[in-house]
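# Structure at a glance
Read off the chains here:
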Amino acid sequence: MIRRARPSDAPAIHALVHRYAGRDLLLPRPLTDIYERIRDFWVAVDGGQVVGCAALRIWWHDLAEVRSLAVAPEAEGHGYGARLVDAVAAEAARFGVSNLFALTRIPGWFGRNGFQEIDRAVLYHKVWGDCASCPKRLACDEVAVVRPLRPGAAERLANPDPRVVARVAHIVPPRAEGTTGSPALTVLPTFVHLDEP
Ligand SMILES: CC(C)(COP(=O)(O)OP(=O)(O)OC[C@H]1O[C@@H](n2cnc3c(N)ncnc32)[C@H](O)[C@@H]1OP(=O)(O)O)[C@@H](O)C(=O)NCCC(=O)NCCS
């Protein structure tokens with residue numbers, strides 16, 4: 001069963017996320033953060049136990065992220081991951097958001113679930129909000145994937161104003177393995193004025 005999370009699920013969600021955070025597959029999240037954002041979470045429940053979770057984060061009027069997606073190893077392969085992402089996507093669509101993205105090391109799995117790869121640099125809000133301060137920003141091995149929630153939405157996201165992309169790419173170069181040096185974080189986030197609803 002997939003259902004919205006309750007505060008009493010927070011410790012199980014925390015434990016699940018940290019099983020994978022230890023393997024560098026998910027970002028660790030403090031338990032207090034999970035309680036605070038519990039309304040963003042869905043859980044998969046089997047036999048009364050939480051065996052999966054996923055959270056929605058809305059970044060902008062046209063952009064949301066699915067994150068903290070995890071299914072316990074003993075429950076993998078039963079469709080919980082797909083159904084958790086579907087629940088998050090349905091909620092994003094209900095709020096009128098047109099694209100759901102993820103940063104991931106398993107783009108193949110997301111590809112099977114309605115996502116397509118996209119240049120990370122066009123995810124301005126994520127890049128400014130999280131990536132710019134991430135210690136891995138110069139050696140990030142995650143791939144950006146997006147699931148359009150409306151026809152043509154991913155194409156509109158993928159073809160933004162090139163001036164904006166140039167600014168953001170400076171902060172998190174796409175596929176930056178091997179890059180040395182530290183870019184100066186001097187660019188102001190003026191992009192926010194360029195795509196108001
Ligand atoms: C990714 C994850 C959520 C999938 O959960 P799940 O409940 O097993 O997913 P589903 O049951 O919906 O899908 C399983 C299918 O995907 C396939 N699959 C698994 N990993 C895959 C990959 N990297 N690429 C392509 N397909 C993959 C499985 O073989 C299975 O195929 P089948 O249905 O033909 O047997 C789970 O494996 C997990 O928690 N992984 C570790 C955390 C993680 O990486 N989270 C994503 C962070 S962005």
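Quantities reported herein were computed from a predicted structural model and do not represent experimental measurements. (Residues numbered from 1 in each chain as written. Predicted model: local features only at pLDDT ≥ 70, side-chain atom pairs only at ≥ 80, totals over all residues.)

### Some words on the sheet that holds strand E6 (residues 116-117)
One open sheet holds the 7 strands; their spatial order is E1-E2-E3-E4-E5-E7-E6, and the pairing between them is mixed. Only two strands of the sheet have a single partner each, and these edge strands are strand E1 (2-4) and E6. Two elements, strand E4 (residues 63-71) and strand E5 (residues 99-104), share 2 bridges in a ladder whose sense is parallel. Bridging from a neighbouring strand, Ala64 pairs with Leu100 of E5. Sitting on the sheet, helix H1 (residues 10-21) touches strand E2 (41-46), strand E3 (49-60) and E4, and the angle it makes with E3 is about 85°. This element, helix H3 (residues 80-94), spans E1, E2, E3, E4, E5 and strand E7 (143-148) of the sheet and lies at about 30° to E3. (Pairing = 2+ DSSP bridges. Helix = DSSP H or I, 4+ residues; strand = E, 2+ residues; numbered from the N terminus. Contact = placed C-beta atoms within 7 Å. Axes fitted to C-alpha atoms, helices over the stretch in contact; angles between N-to-C directions.)

### Re the nonpolar core
Of all hydrophobic cores here, the largest spans 48 residues; its most connected members are Ile13, Trp42, Cys53, Ala54, Leu84, Val88 and Leu100. Broken down by element, this core gets its largest block of residues, 7 residues, from H3. Residues lining this core come from more than one domain, with at least three contributed by each of domain 1 (1-97) and domain 2 (98-197). The contacts of Val88, once residues within four sequence positions are left out, are Trp42, Ala54, Leu56, Val66 and Leu100. (Core = buried A, V, L, I, M, F, W, Y, C linked by C-beta atoms within 7 Å. Buried ≥ 20, exposed ≤ 12 C-beta atoms within 10 Å, placed from the backbone. Domains from an automatic or database assignment.)

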